[in-house]
Amino acid sequence: MSTLLYRLGRFAYRRKWSVIGAWSVLLLVAVVAALGLMKPFASATTIPGTEAQRTLDVVREEFPTDDAHITGKIVFRARSGATVSAGEAGAAVRRSVEAVADVRGVTSAAAPSAKAGTVSADGRTGIAELVFSTKKGATLPATTKAAVGEAAADARRAGLTVELGGDAFSQVKVEVLGPGEAVGVLIALGVLVFVFRSLRAAVIPVATALVGVAVGVLALLSLTSVVTMDSTSVILAVMLGLAVGIDYALFIVSRHQTQVREGMDPEESAGLANGTAGGAVVFAGATVVIALAALSVVNIPFLTVMGLGAAATVVVSVLVAVTLLPAVLGLMGTRIATSTVPVLRRSTERAARRTERNGAGRRWATLVSRRRWTVLVVSLLGLGILAVPAADLQLGLGGTQDPDTSAARAQRLVDDGFGPGYSGTLVVLVQGATRTVVATAEEFSSTVRDLPGVRAVSPVVTAASGDAALISVTPSSGPETEATKGVLAEIRHARDAVEERTDTDIAVTGTTAVNIDVADKLSAALPVYCLLVMGLALLLLVIVFRAIAVPVKAAVGFLLSLGASLGALVAVFQWGWLSGLLGIKDTGPVLSFLPMLLVGILFGLAMDYEVFLVSRMREEHAHGQPPAEAMIRGFAHGSKVVTAAALIMIAVFGSFVFADMQVIKGMGFALGIGVLLDAFVVRMTLVPAVMAILGGRAWWLPRFLQRALPDVDIEGERLARRTTHPASAPGAPPRQTDGARVAVGTGGGDA
């Protein structure tokens, strides 16, 4: 692989304009495809095969409704002592609803009615149901929304609280790259300037990463015409594409810059950097892609789309790094090694006089080696404490709406007036022979009414066919609470005896039941997914490092960082710790698919950092250094580039914490804190401590595995033998390789 990447790098360097032109054409095609094929985002949180989903499909067949059009609601709240059905307040509500009905684009507007169940028990809260002419899947025109809001303002002027909600007013405007994300990119640029000590060199990784994100995201947007996709899938692709795109380019440019500064021919350097550091990029990208693609085995459609979409963006980022990046380096030539900014130029000269022997990385590794047992215990204790809240992890699918929007305020008015269970109705379907369905439904309705946590049960509704009946159950608690999950479980438990005695089929569905089933299936799939990813991690690392202890250590470290990250996520988003500081306005269950995404993405990044740090330790040990000294030298060599890569990841992921959508906040926080803990606590602290404890035993491998395992040459050993000018630490004299390994992390040094 290293030889192929070497040749590809030299080809791209020589044919730079052809490669840049090809990527420009590809970007233009992606733009045209997105503009021509893009459809509005849609949410589809369904799981084939679950009871709630199967039952919902039957309900739609037996009880057909016109659900092809967008619906909405206006929630009115009268002052204390007044009602929405009588007096001046009632008259204002009726005038507003009549005005809304006359708005162009509104098909029907039904005023609040106690008979229809849209007036609260105290009479102060009412819901006007709206139907629009716009079909579902399309976007309701902004002019229609504004006209409805203006028509409803008559009631607001009369002293009522008026909010607009429902699907029509819950549509979220997606900002692919907002102000917060731009700040993250700027922070990443600052880190790159510090690493490269050159502004033009620092711009290259950001520019190529943006190209990769643009191509990947535009391709995803064009697929919305044939695949149901929500905005979260696109934002995840942006988040991950930016982070890995900048990091992957950092690894290659850092190696290339060091070699050019030492006098290597730029074309040869670009090929060598692509063959060595580029090999690590391909390996790191492959691990992320495999972990994300593995989400499809869970058989959850929206999660499959999310995983495959993000994986595709990572593939594009890898291709950009090993093709477009060498071409851009060809434009730079020898200027990649210099800077026109006086401050940066002087910084480069000072760095050239330093060696890794007195660097911060070596000093830290030496300290950890001397205090290895203390460092090990303190690190494990700290990660363990952070992981404690994870035991209280609760999963759900709510919390996607910005709490400051009118739709969120409307929902709060409904919860206050009708009870939180009003929006979490459970639908019971009874099927059987025509002569027994109604009687069974009436009997089961009485049984359900007596269950704890049930607030109300609607009258039985019979299908036109006569062989199916519906019962609507309103719980006392909200749709995302453990109490409502308990009500669902009680209903399903109570049906067993009735089904056996009456020869009927009873099932529970509804949006709340579907969401609960989604969360339950994700919870059950998480351990299986973790085992799959962990097995993959062990296999890949045994092949790469040709050792047993190192892969086991890496896998255990990944579990530690995962547990601590989940604990921090629960503490902040579920318990509310530091929520005000981070702008988190609503706390509640953690997004159900977030732990699985965290596992997949964090796994790939953790293995990336593991390879960059430990491969150099392995090289030093293979060259005859004692285990402790090999660890210190290897860590000193790769620590700076890993530190920079982690800081970039944290900056990009962390910037999404300030997004409006709670879903995106959670994703940004989980990934940011995950990288922080894995890079700086596990890889930069635990890894050197454990390596110092293991000594030479870290590299033991049974003889039969030595013969059986393939040599994938991730580090580019064969390629290194072809050159007589390997990268060394800045300021060190050139030396012959004589077959020496060139680690994938070289170039990190003090460039």
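Residues numbered from 1 in each chain as written. Predicted model: local features only at pLDDT ≥ 70, side-chain atom pairs only at ≥ 80, totals over all residues. Heavy atoms only, no water.

### With respect to the overall build of the protein chain
Counting secondary structure elements, the protein chain contains 24 helices and 11 strands. Burial analysis of the protein chain (751 residues in total) assigns 57% to the buried set. Restricting the contact set of the protein chain to residue pairs at least 6 apart, pairs at least 24 apart contribute 80%. (Helix = DSSP H or I, 4+ residues; strand = E, 2+ residues; numbered from the N terminus. Buried < 20%, exposed > 50% of the residue type's maximum accessible area, 1.4 Å probe, protein only. Contact = heavy atoms within 4.5 Å.)

### Some thoughts on the sheet that holds strand β2 (residues 106-110)
The strands making up a sheet are joined through hydrogen bonds of the backbone, oriented either antiparallel or parallel. Strand order in the open sheet made by the four strands is β2-β3-β1-β4, with antiparallel pairing throughout. Among the strands making up the open sheet, the edge pair consists of β2 and β4 (161-165). Going across the sheet, the axis of each strand differs from the next one's by a mean of 20 degrees, ignoring polarity. Sitting on the sheet, helix α4 (residues 87-101) is in contact with β1 (69-77), β2 and β3 (125-135), with an inclination near 165 degrees to β2. Along the sheet, helix α15 (residues 406-418) contacts β1, β3 and β4; its crossing angle with β4, the most-contacted strand, is approximately 115 degrees. (Pairing = 2+ DSSP bridges. Axes fitted to C-alpha atoms, helices over the stretch in contact; angles between N-to-C directions.)

### Description of the environment of Ala-151
You can see Ala-151 is positioned in helix α5 (residues 142-151). Accessibility expressed as a relative area gives 12% for Ala-151, which makes it buried. Through-space distance from the C-alpha of Ala-151 to that of Glu-98 is 8.5 Å; in sequence the pair is 53 residues apart. Sequence-distant contacts of Ala-151, defined by excluding residues within four places in its chain, comprise Ser-96, Ala-99, Val-100 and Val-103.

### Side note on the packing of aromatic side chains
Tallied over the entire structure, the rule returns five aromatic pairs. On the basis of an interplanar angle of 55 degrees and a centroid distance of 5.5 Å, the ring pair of Phe-573 and Phe-669 is categorised as tilted. Of this pair, Phe-573 sits in helix α19 (residues 549-574) while Phe-669 sits in helix α22 (residues 662-694); the two residues are 96 residues apart in sequence, bridging distant segments of the chain. Accessibility assignment for this pair places Phe-573 and Phe-669 in one class, buried. Geometry around Phe-194 places Arg-197 over its ring, the cationic atom sitting 5.7 Å from the centre. (Phe/Tyr/Trp six-rings, centres within 6.5 Å; stacked < 30°, edge-to-face > 60°. Lys NZ or Arg CZ within 6 Å of the ring centre and 35° of its normal.)

### Overview of the side chain of His-256
In this structure, His-256 sits in helix α9 (residues 231-261). Exposure remark for His-256: the relative accessible area of 0% places this residue in the buried category. One polar contact links the side chain of His-256 to the main-chain amide nitrogen of Ala-270, over a distance of 3.4 Å. In this structure His-256 touches Pro-266, Ser-269, Ala-270, Ala-273, Leu-329 and Ile-336, once residues within four positions along its chain are discounted. (Polar contact = N/O pair within 3.5 Å; in protein donor to acceptor, adjacent residues only side chain to side chain.)

### A few points about the pattern of salt bridges
Side chains that carry opposite charge are capable of pairing whenever their charged atoms lie near each other. With the rule as written, the count across this model stands at 17 salt bridges. Where Glu-51 meets Arg-495, a salt bridge forms, and the shortest distance between an N and an O atom there is 2.6 Å. Note that Glu-51 is positioned in helix α3 (residues 51-62) and Arg-495 in helix α17 (residues 482-502), a separation of 444 residues in sequence. Here the two residues Glu-51 and Arg-495 agree in accessibility, since each one is buried. (Salt bridge = Lys/Arg side-chain N within 4 Å of Asp/Glu carboxyl O.)

### Considerations on unusual backbone geometry
A positive phi angle is found at Arg-197, which is not glycine, with a value near 55 degrees. Phi at Asp-503 takes a positive value of approximately 55 degrees, unusual for a residue other than glycine. Residue Asp-503 is classed as exposed on the basis of its relative accessible area of 67%.

### Side note on helix α14 (residues 372-387)
The α-helix winds at 3.6 residues per turn, so residues separated by three or four positions along the chain end up facing the same way. End to end, α14 covers 22 Å across 16 residues, agreeing with the expected 22 Å (1.5 Å per residue, within 8%). Those residues of α14 that fall on the buried side of the exposure criterion are Val-375, Leu-376, Ser-379 and Leu-383. Buried residues of α14 fall within an arc of 100 degrees about the axis and therefore sit on the same side. When the buried face of α14 is taken as reference, the exposed residues oriented beyond 90 degrees from it are Trp-373, Val-377, Val-378, Leu-381 and Ile-385. Where α14 is buried, its residues meet α13 (360-370), α19 and α22. (Expected span 1.5 Å × (residues − 1). Arc of directions from axis to C-beta.)

### Side note on the environment of Ala-249
Here Ala-249 lies in helix α9. Take Ala-249: its relative accessible area is 1%, and that puts it in the buried class. Linking Ala-249 and Leu-325, residues 76 residues apart in sequence, is a C-alpha distance of 7.1 Å. Setting aside residues no more than four positions away along its own chain, Ala-249 makes contact with Pro-205, Thr-208 and Leu-325.

### As for the pairing of β1
Across the nine residues of β1, eight count as buried, placing the element largely inside the fold. Bridge count for β1 against β3 is eight bridges, and the pairing is antiparallel. Of the residues in β3, the one forming a bridge with Thr-71 is Val-131. When β1 meets β4, the two strands line up antiparallel, connected through five bridges.

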